[in-house]
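Fold and contact review
The lines below spell out each chain.
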Amino acid sequence: MSMPHGGFFSVDSLRGVWILVVDSNPRGRETLREILTYCGALVTPIASVNDALGVMRQVKPDVLVVALADDDEFGFIRGVRNLKPEEGGVIPAIAIAAEADDDLLRLSGYQGCLRTPLDPWELCRLVSSLMTVS
């Protein structure tokens, strides 16, 4: 699926995609949930990386979106990547950060990186692109 750069994104473009959102900030978590739900995704918002790992041991979402607040999220993605594939260890993951080194994020295990302030359509396009390669 090829998406144009910029502009709006179809409201059903992520229909059926289950996304686990991890953000310690309640407002940020709700904003991410609203953006992704608007495009048709099923979203499970989680406040902590520890809770997210627990959820991932029980269920297997399609994509992981993590708002980076501190170094815990780097440890979190390493923990995810240490899981067996059938436990979610290969889940596509997106990092959202105000400032971070894209190369470091990718080496840590994220497939995509976005900066804040967040472009909602860019987030939806990135999720969609990760679904087409998985």
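Note that this is a predicted model, so its numbers are computed, not measured.

Some thoughts on the sheet that holds strand 2 (residues 42-46)
- Strand order in the open sheet formed by five strands is 2-1-3-4-5, with parallel pairing between adjacent strands. One side of each edge strand has no neighbouring strand; the edge strands of this open sheet are strand 2 and strand 5 (112-115). Adjacent strand axes in the sheet meet at a mean angle of 20° when their direction is disregarded.
- Pairing of strand 1 (residues 18-22) with strand 2 involves five bridges; the strand directions are parallel. Looking across to strand 2, one finds that L20 is bridged to T44.
- Relative to strand 2, helix 1 (residues 26-38) is tilted by about 175°, and along the sheet it contacts strand 1, strand 2, strand 3 (63-67) and strand 4 (93-97).

Observations regarding helix 2 (residues 49-58)
- Among all positions of helix 2, only V49, A52, L53 and M56 are buried. Looking straight down helix 2, one finds that the buried residues subtend no more than 100° of arc, so they occupy a single side. Projecting away from the buried face of helix 2 at angles above 90 degrees are the exposed residues N50, R57 and Q58.

Section: the nonpolar core
- Of all hydrophobic cores here, the largest spans 22 residues; its most connected members are V22, M56, L64, L68, F76, V80 and Y110.
- Judged by nonpolar contacts, the second largest core, of 21 residues, contains C39, V43, V65 and L130.

Focus on helix 1
- For helix 1, which comprises 13 residues, the first-to-last C-alpha distance of 18 Å matches the rise-based estimate of 18 Å (1.5 Å per residue) to within 8%.
- Looking at helix 1, one finds that the buried residues are G28, R29, L32, I35 and L36. Taken end-on, helix 1 shows its buried residues confined to a sector of 130°, consistent with a single buried face. Those residues of helix 1 that are exposed and angled more than 90 degrees off the buried face are P26 and R27.
- For helix 1, the side-chain oxygen to backbone nitrogen distance between the N-cap and R27 is 2.7 Å, and the N-cap itself is N25.
- Positive phi shows up at G40, right after helix 1, with a value of about 95°.

Cut-offs used in this document
- Residues numbered from 1 in each chain as written.
- Predicted model: local features only at pLDDT ≥ 70, side-chain atom pairs only at ≥ 80, totals over all residues.
- Heavy atoms only, no water.
- Pairing = 2+ DSSP bridges.
- Helix = DSSP H or I, 4+ residues; strand = E, 2+ residues; numbered from the N terminus.
- Axes fitted to C-alpha atoms, helices over the stretch in contact; angles between N-to-C directions.
- Contact = heavy atoms within 4.5 Å.
- Buried < 20%, exposed > 50% of the residue type's maximum accessible area, 1.4 Å probe, protein only.
- Arc of directions from axis to C-beta.
- Core = buried A, V, L, I, M, F, W, Y, C linked by side-chain atoms within 4.5 Å.
- Expected span 1.5 Å × (residues − 1).
- Polar contact = N/O pair within 3.5 Å; in protein donor to acceptor, adjacent residues only side chain to side chain.

The values reported here are purely geometric and, on their own, carry no functional implication.
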